[in-house]
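Okay, here's what each chain looks like letter by letter:
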Amino acid sequence: MANENEDLNEGLHVVNEEEEEENALDYHQNRMPLSTFYDLVPEERSGHVAVTCGSYMYILGGYKNAAVQGYNDFYLPREELWIYSMETGRWHYIPDLNYSRSKMFYILKLGTKDKILHWERVKDFKGVPPSPKDKLGCWVYKNKLIFFGGYGYQPREQYHGSFEFDESSFWNASHPRGWNNHVHFIDLETFTWYQPITKGKAPSPRAAHACATIGNQGYVFGGRYQDARTNDLYYLDLDTWEWNEVIQSPDQIPVGRSWHSLTTISNDHLFLFGGFTTDKQPLSDAWIYSVSKNEWLKVEHQYSDRPRLWHSACTSNEAEVIVFGGCANNLLARQQAAHSNDILIFSVQPKSLVGLCLEAVIHYKEMLAHIWDCLPKHLLLNINQRAGSSNTSGS
């Protein structure tokens, strides 16, 4: 399960849906005690997805080490959703989303009036969807989800772009896999799939790259193609569908990598963290890229001894980059993967005045707590959530 591009195909067992359900039941019966869930800390994992909405980060999926029927890792339950408050630093656990086994497209409704999260199946798709793949990138722009690249099966339909077979996947002659540089998007109003005809020099086919959006430009950095992990930088104009390669200065540029994260932190800056090198070394370095200056700045930080790959990264309302999970060692080696459930917080922009004041009030709690009741109720609630108090009356 852990292989980036089927590097460990020899002896790999392909699990169908029925066997996955059986394995999942076996895992549930032998997993950690329920008391751990009430501590509200998710299990360690890699390969999950994280998105933000307001002041919350939502975590779904991934896999971890688990001895189930002879396997050393196991996909985490797909009906579990974890929610992390970026204001209070606390987790909330949603145990059952009534998630179907179907491979159709689903939307998780976050703004429901009854405050109950549930999946809604999207029916009656139009257009031709992408070929099955993973480790692809995604941009969000003008009510569209735009997907780029990935690793998977050869398309049956005629697609614009390139597909290159991975020769190491030929062991599975009926379903060989490879890399592609296809661009697809789905219109979220009509639920119609499109493949635009792009212009300009497109990036090479790749997988496990990282994408981020600034304005109408969709950036992609790095990724794996064949045996190399690249450090090239491209952006796609999401209005005209024209590719542009960014010529970077060789003096100071991040090393080539895959399984890293690229996060938008301002209208002019991207934040790069972690990943996995061509010589299979996990990374802990952090960089900020300035679009206007076309330059990389290496960032000194407190997590230099905590490498991460195949993690997630999101930006908070306080312009912090919040990294969750990932793996800390060579995920492709025949050894137990060091999956993580740590939260790493990078402060890359000055905090807001409100945020600074709230931190000061909590820091001097013993001195100021007796006058907290004078605060507006919404501020008092915020402070008590951060400080762990139950007094939420306020003025």
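Residues numbered from 1 in each chain as written. Predicted model: local features only at pLDDT ≥ 70, side-chain atom pairs only at ≥ 80, totals over all residues. Heavy atoms only, no water.

### Re the pairing of strand S13 (residues 177-187)
- Where burial is concerned, most of S13 is hidden: 10 out of the 11 residues are buried.
- In this structure, strand S11 (residues 144-153) lies alongside S13, joined through 9 bridges in antiparallel fashion. The residue of S13 that forms the bridge with Ile146 is Phe185.
- Pairing between strand S12 (residues 163-165) and S13: 3 bridges, direction antiparallel. (Buried < 20%, exposed > 50% of the residue type's maximum accessible area, 1.4 Å probe, protein only. Helix = DSSP H or I, 4+ residues; strand = E, 2+ residues; numbered from the N terminus. Pairing = 2+ DSSP bridges.)

### Observations regarding helix H3 (residues 353-363)
- Residues of H3 that are buried: Gly355, Leu358 and Val361. Seen along its axis, H3 keeps its buried residues to an arc of 125 degrees; they face one direction. Turned more than 90 degrees away from the buried face of H3 sit Leu353 and His363, all of them exposed.
- Elements that come into contact with the buried residues of H3 comprise helix H4 (365-368) and helix H5 (377-387). (Arc of directions from axis to C-beta. Contact = heavy atoms within 4.5 Å.)

### Quick look at the pattern of salt bridges
- Tallied over the full model, the rule gives 10 salt bridges.
- In this structure, the salt-bridge partner of Lys64 is Glu43, at a minimum N-O distance of 3.2 Å. Pair noted here: Lys64 is in strand S3 (residues 63-68) and Glu43 is in the loop between helix H2 (34-38) and strand S1 (49-53), with a separation of 21 residues, a long-range link. For the pair formed by Lys64 and Glu43, the shared burial category is buried.
- Arg257 serves as the salt-bridge partner of Asp285, at 2.8 Å between the closest nitrogen and oxygen. In this pair, Asp285 sits in strand S21 (residues 282-290) while Arg257 sits in the loop between strand S18 (243-246) and strand S19 (261-264), placing the two residues 28 residues apart along the sequence.
- You can call Asp285 buried: its relative accessible area is 14%.
- Take Arg257: its relative accessible area is 0%, and that puts it in the buried class.
- Here the residues in one salt-bridge network are Glu43, Glu44 and Lys64, joined through shared partners. (Salt bridge = Lys/Arg side-chain N within 4 Å of Asp/Glu carboxyl O.)

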